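Results of the structural survey
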Amino acid sequence: DATLSSPRIHVCCMEAILDACVPGATVLDVGCGTGFTTAVLARLVGPSGRVLGLDVKEEYVELALANIRQDDRRLLDARHGQHAVVEA
């Protein structure tokens, strides 16, 4: 019942997909957990891109949304080109 929140895991995942995360890209974050990677990806693809974070646990979805709102609400705000979306 734990997330893979080790910084090393995040680094490995980001290194694997970094070249594809250009402005305007669409990225799927499966098992978004805390939303950390989702937020990083949203910054990489910028307002013209889109990141969809998915998790099977509703509590992780709520945690991800809360963390992203606290970090930078604009990533979730449609008025500012919503580019981070988190769903169950």
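Residues numbered from 1 in each chain as written. Predicted model: local features only at pLDDT ≥ 70, side-chain atom pairs only at ≥ 80, totals over all residues. Heavy atoms only, no water.

**So, the environment of Leu44**
- Within the secondary structure, Leu44 sits in helix α2 (residues 36-45).
- Once you skip the residues sitting within four places of it in the chain, Leu44 turns out to touch Met14, Leu18, Cys21, Val22 and Pro23. (Helix = DSSP H or I, 4+ residues; strand = E, 2+ residues; numbered from the N terminus. Contact = heavy atoms within 4.5 Å.)

**Let's talk about the nonpolar core**
- Judged by nonpolar contacts, the single largest core of 14 residues is most densely connected at Val27, Leu41, Val45, Val51, Ile68 and Leu75.
- Listed by contribution, the elements that provide at least two residues to this core are α2 and α3 (58-72).
- If you tally residues by element for this core, the top one is α2, at 4 residues.
- Every residue in contact with Val45, bar those within four places of it in the chain, is listed here: Cys21, Val22, Pro23, Gly24, Ala25, Val27, Arg50 and Val51. (Core = buried A, V, L, I, M, F, W, Y, C linked by side-chain atoms within 4.5 Å. Buried < 20%, exposed > 50% of the residue type's maximum accessible area, 1.4 Å probe, protein only.)

**What about the side chain of Asp72?**
- The topology assignment puts Asp72 in helix α3.
- Residue classification places Asp72 among the buried positions, given a relative accessible area of 14%.

**Some points on the packing of aromatic side chains**
- Taken as a whole and assessed by the stated rule, the structure comprises 0 aromatic pairs.
- Lys57 extends its terminal NZ or CZ atom over the ring of Tyr60, reaching a point 5.6 Å from the ring centre. (Phe/Tyr/Trp six-rings, centres within 6.5 Å; stacked < 30°, edge-to-face > 60°. Lys NZ or Arg CZ within 6 Å of the ring centre and 35° of its normal.)

**So, the pattern of salt bridges**
- Scanning the entire structure with this criterion turns up 3 salt bridges.
- The partner of Arg43 in a salt bridge is Asp71, with the nearest N and O atoms 2.6 Å apart. Of the two residues, Arg43 is situated in helix α2 and Asp71 in helix α3; the sequence distance between them amounts to 28 residues.
- Arg43 sits in the partly exposed class, given a relative accessible area of 41%.
- Exposure remark for Asp71: the relative accessible area of 47% places this residue in the partly exposed category.
- As a salt-bridge pair, Asp72 and Arg74 come within 3.0 Å of each other at their nearest N and O atoms.
- Each of Arg43, Asp71, Asp72 and Arg74 takes part in a single network of salt bridges with overlapping partners. (Salt bridge = Lys/Arg side-chain N within 4 Å of Asp/Glu carboxyl O.)

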